[in-house]
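Architecture and fold: a report
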Amino acid sequence: MAAALCLALTALCAATPAKAGPIESKSAASASLPSSAIIIDKDDRLSRDDYARSLGLTPAAMASRFGATGLVRCGSAVGTGQLVGANNVLVTAAHVLFAPGGEPRGRGGACTFEINTAGGRQKIEVDVDKVVCGARQPYTQPAVKDWAVVPLAAPAKGVKPYMPATMPVPGDIVLAAAARSGGVESYSLQNCQARKVTATAPGGLREVAIDCDAEGGVSGAAILSPEGAFLGVYVGFRSAHPGKVGPFSMSHYNFGLSVEGGLREAIVDVATRAQNLSASR
């Protein structure tokens, strides 16, 4: 069974040893799916506008619940990230920021977070050298280490950050993504479920199998509650037939990490340091 880490880089969407973890998904017709796509039954992802219409949510409600997700560009990699705990604290998957050798994929203007707000598009540098993460080389580590919390060079304006909460398993979730395979910017929301805890790290962080659809570019996406609380981060898939549609099973599923243990501690730590820095200026 393939287990994989994957960004929006199609060149990096290759199978890795089973302990390594991650990847992601796409469209409905299996013939057109990228090899990193893990679609459960059918592609149920919706655009933000379609999601809002389906639930009767106003633009203000959408921004309040789901507006802290954006695009991470780091070197040639493209993934998803979100503001959590503060409007200058970014949470994503570690493999979005770090190359296989453990070096940052980019620094300064080569590693940025981009987000759309009512006031327009914002592009902010990611301060990779101040990252707190589970591992800088997540490709050879257990998937429970594939998370990263990193400060931004400046706060995003007019954005309500997500706040951490405990993920119920089993339970209803929303997967909020900003990209698809090949680095294509594509914001989507999907109502799906956290199905089963597949691993637990010291400190309580859980790896959780989910039945959401995903593909390259979804790495680092937010797993949210229907009300917009931050429950965890998407990191990858395990599948015996990646790129082909199939029912949820323990040989065909996507998975994420709950915001517990080291991940939650890192969010508090980075947010506190960011707030102290702002207060001292």
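Here, the structure is the one placed above.
Quick look at the structure, then. (Residues numbered from 1 in each chain as written. Predicted model: local features only at pLDDT ≥ 70, side-chain atom pairs only at ≥ 80, totals over all residues. Heavy atoms only, no water.)

Time to look at the state of the cysteines. Per the stated rule, a full pass over the model turns up two disulfides. Two residues share a disulfide in this structure: cysteine 74 and cysteine 111, whose sulfurs sit 2.2 Å from each other. Handedness here is read from the sign of the S-S torsion; for cysteine 74 and cysteine 111, about -105 degrees, the answer is left-handed. Of this pair, cysteine 74 sits in strand 2 (residues 69-74) while cysteine 111 sits in strand 5 (residues 111-117); the two residues are 37 residues apart in sequence, bridging distant segments of the chain. In this pair, the class of cysteine 74 matches that of cysteine 111, namely buried. (Disulfide = S-S within 2.5 Å. Helix = DSSP H or I, 4+ residues; strand = E, 2+ residues; numbered from the N terminus. Buried < 20%, exposed > 50% of the residue type's maximum accessible area, 1.4 Å probe, protein only.)

Another point: unusual backbone geometry. With the exception of glycine, the majority of residues adopt a negative phi angle, and the majority of peptide bonds are in the trans configuration. Here the amide bond leading from valine 169 into proline 170 is cis, since omega sits at 0 degrees, within 30 degrees of zero. Position of proline 170 relative to the elements: it lies in the loop between strand 8 (148-151) and strand 9 (171-180). Non-glycine residue aspartate 41 carries a positive phi angle of around 70 degrees. By secondary structure assignment, the location of aspartate 41 is in the loop between strand 1 (2-5) and helix 1 (48-55).

One open sheet holds the seven strands; their spatial order is 6-5-2-3-4-8-7, and the pairing between them is antiparallel. Only two strands of the sheet have a single partner each, and these edge strands are strand 6 (120-125) and strand 7 (132-133). As defined by bridge partners, strand 2 adjoins strand 3 (residues 77-83) across six bridges and the pair is classed as antiparallel. Paired with glycine 70 across the two strands is glycine 81, which belongs to strand 3. (Pairing = 2+ DSSP bridges.)

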